[in-house]
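Residue-level listing of the chains:
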Amino acid sequence: MFKKLIFGLSLFVTLGFGATFDDAYNAYEKGDFKTALPIFEDLALKGDTDAQFYIGVMYSNGQGVKQDYKKAIEWYEKAATQGVAEAQYNLGVMYYNGKGVRQDYKKAFEWYEKVANQGDAKAQYNLGVMYRDGEGVRQDYKKAIEWTEKAAKQGYVSAQYNLGVMYDNGQGVRQDYKKAKEWYEKAANQGDVDAQYNLGIMYDNGEGVKQDKKIAKEWFGKACDGGYQKGCDEYKKLNQQGY
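Since this is a predicted model, take the numbers as computed values, not measurements. (Residues numbered from 1 in each chain as written. Predicted model: local features only at pLDDT ≥ 70, side-chain atom pairs only at ≥ 80, totals over all residues. Heavy atoms only, no water.)

Draft legend 1. Broad picture of the overall build of the protein. Along the protein, the regular secondary structure elements total 13 helices and zero strands. Judged by the C-alpha coordinates and their principal axes, the protein covers about 70 × 40 × 30 Å. When the 243 residues of the protein are sorted by exposure, 47% land in the buried category. Nonlocal contacts in the protein, meaning residues at least 24 apart in sequence, comprise 46% of its contacts between residues at least 6 apart. Counting every atom, the protein has about 12,600 Å² of accessible surface; 44% of that belongs to carbon and sulfur. Each charge sign in the protein was given a centre, from 34 positive and 34 negative side chains, and these centres are 5 Å apart. (Helix = DSSP H or I, 4+ residues; strand = E, 2+ residues; numbered from the N terminus. Buried < 20%, exposed > 50% of the residue type's maximum accessible area, 1.4 Å probe, protein only. Contact = heavy atoms within 4.5 Å. Areas by Shrake-Rupley, 256 points an atom, 1.4 Å probe, with all protein chains shown as cover. Lys, Arg positive; Asp, Glu negative; His and termini not counted. Charge placed at Lys NZ, Arg CZ, Asp CG, Glu CD.)

Below is the structure:
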């Protein structure tokens, strides 16, 4: 769920002669990469930052061109240095994973931070993970909590789950089962099977909630339905116990 390249972008019509950005984008969406690429290239050479971003995407994915992470990096950098948030985020992903460049957590962190400060929940979540794990920065659970909470409040499910874990374990905050339960519940209601399973555990053990084996069984069942084997195992145990 984390560190996947994004491909969506708000559309901005490019003014000028000949084909427009919309023409290229529409062709791209239809999978007509041979038509889209030369239009993007023409616009990109004229300074269109959105076109530069999409050329980066196409090289990254091998769409209409041979996959080439180094060229993707070049085009992302052109757009990113001019403030295109999507390009900045994708550069963070590529530096983090070492695609087209030598893996560099510090540079990944720098690019993510630029986007996170613009309010992007994915980047905020990634900063939380990097502060938690000490990747590219000194490990700092308090800052991990701050960034994770920013993303969680925007409804980003992975952040909601991670925040639940941190309250559950007392990482960067005082251990608080009630708050852990609240964040797990938000993630669980979005279909996160790990959160559903953890809620089952909390109701099974009476952590942060009144012990209730029937509700525990319900959450284990949801996790099981989502393909989480541990949820199936716990559901079966409670079922055998008559709950």
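That covers the picture; the talk isn't over yet.
Draft legend 2. Focus on the side chain of glutamine 63. Secondary-structure assignment places glutamine 63 in the loop between α3 (49-61) and α4 (69-80). Overall, the relative accessible area of 17% leaves glutamine 63 in the buried class. Only 2.9 Å separates the side chain of glutamine 63 from the side chain of tyrosine 28, close enough to count as a polar contact. (Polar contact = N/O pair within 3.5 Å; in protein donor to acceptor, adjacent residues only side chain to side chain.)

Draft legend 3. How the structure looks around the state of the cysteines. Applying the stated criterion across every chain yields a total of one disulfide. Disulfide pairing places cysteine 224 opposite cysteine 232 at an S-S distance of 2.1 Å. As the torsion about the S-S bond is roughly 90°, the cysteine 224-cysteine 232 disulfide counts as right-handed. Take cysteine 224: its relative accessible area is 23%, and that puts it in the partly exposed class. Its relative accessible area of 18% is what places cysteine 232 among the buried residues. (Disulfide = S-S within 2.5 Å.)

Draft legend 4. Examining helix α7 (residues 121-133) more closely. Relative to the 18 Å expected for 13 residues at 1.5 Å per residue, α7 spans 18 Å between its end C-alpha atoms, a close match to the ideal helical length. Among the 13 residues that make up α7, ten are buried, leaving the element largely enclosed by the rest of the structure. Looking at α7, one finds that the buried residues are Ala121, Ala123, Gln124, Tyr125, Asn126, Leu127, Gly128, Val129, Met130 and Tyr131. A positive backbone phi angle near 70° is found at glycine 134, which sits one or two residues after α7. (Expected span 1.5 Å × (residues − 1).)

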